[in-house]
Amino acid sequence: HRYLEAELEKYPGIIVETTRPDNSKAIGLPLGPFDRGAMGSGYDLVLSLHSNACGSESVNRVVGITTVNKQLYAISRGIGVRLTDVVTDVMGVSQKPSVYDKAQDDGQDWYGINRGASSVGDPSLILEHSFHTNRAAATWLLSDSNKLKLAVAEAETIAAYFGTRPDGTMA
């Protein structure tokens, strides 16, 4: 996330705030996912970066999980499709990306980060950079130069989606 933060801040007008400034603390502490999502109040996007895991090493795809909130869904879906396509291309993963949403029985977002962001009116996306249970993907993600490539491509995609050019003009 630090690489992406640095790349996004190269675009005038883009402001980045992280909910986990210190990597030495366990994820979710002292705040849980709902609280971290709600911290995005007033931002154009809450983005949660991850790699996924499953019981099969053969799974090698990028996943985006959007909000179910009808007012925010179009933005979450739009940026989700673009980012999963870009990450798939940059990482060279073998399977097509997947973008979906998931609701609880009460109709709210299943995932706390999305539910928290939605509660304050912000679109959100959980971006899974393939599966760390896939040896090739995990090895690729361990390289700092590869993570920098991802950050550059993700920042370009996010900035373009929101209409910002590197020179600060609007697209």
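Quantities reported herein were computed from a predicted structural model and do not represent experimental measurements. (Residues numbered from 1 in each chain as written. Predicted model: local features only at pLDDT ≥ 70, side-chain atom pairs only at ≥ 80, totals over all residues. Heavy atoms only, no water.)

1. What about the overall build of the protein?
Phase 1: Counting its secondary structure elements, the protein contains six helices and four strands.
Phase 2: Its helices and strands taken in sequence order, the protein reads α-α-β-β-α-β-α-β-α-α from the N to the C terminus.
Phase 3: Since a compact globule built from 171 residues should have a radius of gyration of about 16 Å, the 16 Å found for the protein is in line with a globular shape.
Phase 4: Here the protein holds 171 residues, and the buried ones make up 40% of them.
Phase 5: Long-range pairs, those at least 24 residues apart, make up 74% of the contacts in the protein with a sequence separation of at least 6.
Phase 6: In the protein, 16 side chains carry a positive charge and 20 a negative one; their mean positions are 4 Å apart. (Helix = DSSP H or I, 4+ residues; strand = E, 2+ residues; numbered from the N terminus. Rg over C-alpha atoms; globule rule 2.2 N^0.38 Å. Buried < 20%, exposed > 50% of the residue type's maximum accessible area, 1.4 Å probe, protein only. Contact = heavy atoms within 4.5 Å. Lys, Arg positive; Asp, Glu negative; His and termini not counted. Charge placed at Lys NZ, Arg CZ, Asp CG, Glu CD.)

2. Quick word on the side chain of Thr88
Phase 1: Along the chain, Thr88 turns up in helix α3 (residues 73-91).
Phase 2: Side-chain polar atoms of Thr88 contact the backbone oxygen of Thr84, separated by 2.7 Å. (Polar contact = N/O pair within 3.5 Å; in protein donor to acceptor, adjacent residues only side chain to side chain.)

3. Concerning the packing of aromatic side chains
Phase 1: This structure, assessed with the given rule, holds one aromatic pair.
Phase 2: Aromatic pair Tyr161 and Phe162: ring centres 5.1 Å apart, planes at 85 degrees, arrangement edge-to-face.
Phase 3: Positioned over the ring face of Trp110 is Lys102, at 4.2 Å from the centre of the ring. (Phe/Tyr/Trp six-rings, centres within 6.5 Å; stacked < 30°, edge-to-face > 60°. Lys NZ or Arg CZ within 6 Å of the ring centre and 35° of its normal.)

4. Regarding the sheet that holds strand β2 (residues 63-66)
Phase 1: Strand order in the open sheet formed by four strands is β1-β4-β2-β3, and the pairing between neighbours is mixed. Every other strand in the sheet has two partners, leaving β1 (46-52) and β3 (98-101) as the edge strands with one partner each. Direction aside, neighbouring strands of the sheet carry axes that sit 20 degrees apart on average.
Phase 2: As paired elements, β1 and strand β4 (residues 124-131) share six bridges and run parallel to each other. The residue bridging Ser48 from the neighbouring strand is Ile126, located in β4.
Phase 3: This element, α3, spans β1, β2, β3 and β4 of the sheet and lies at about 20 degrees to β4. (Pairing = 2+ DSSP bridges. Axes fitted to C-alpha atoms, helices over the stretch in contact; angles between N-to-C directions.)

5. Looking at the nonpolar core
Phase 1: Judged by nonpolar contacts, the single largest core of 20 residues is most densely connected at Ile79, Leu83, Val87, Met91, Leu127 and Leu150.
Phase 2: At the level of secondary structure, the elements contributing two or more residues to this core comprise α1 (2-8), α3, β4, α5 (135-141) and α6 (144-161).
Phase 3: With five residues, the top contributor of residues to this core is α6.
Phase 4: When residues no more than four places from it in sequence are discounted, the contact partners of Leu83 are Leu47, Leu125, Leu127, Glu154, Thr157 and Ile158.
Phase 5: Counting residues in hydrophobic clusters, the runner-up holds eight residues, among them Ile65, Ile113, Ala117 and Phe131. (Core = buried A, V, L, I, M, F, W, Y, C linked by side-chain atoms within 4.5 Å.)

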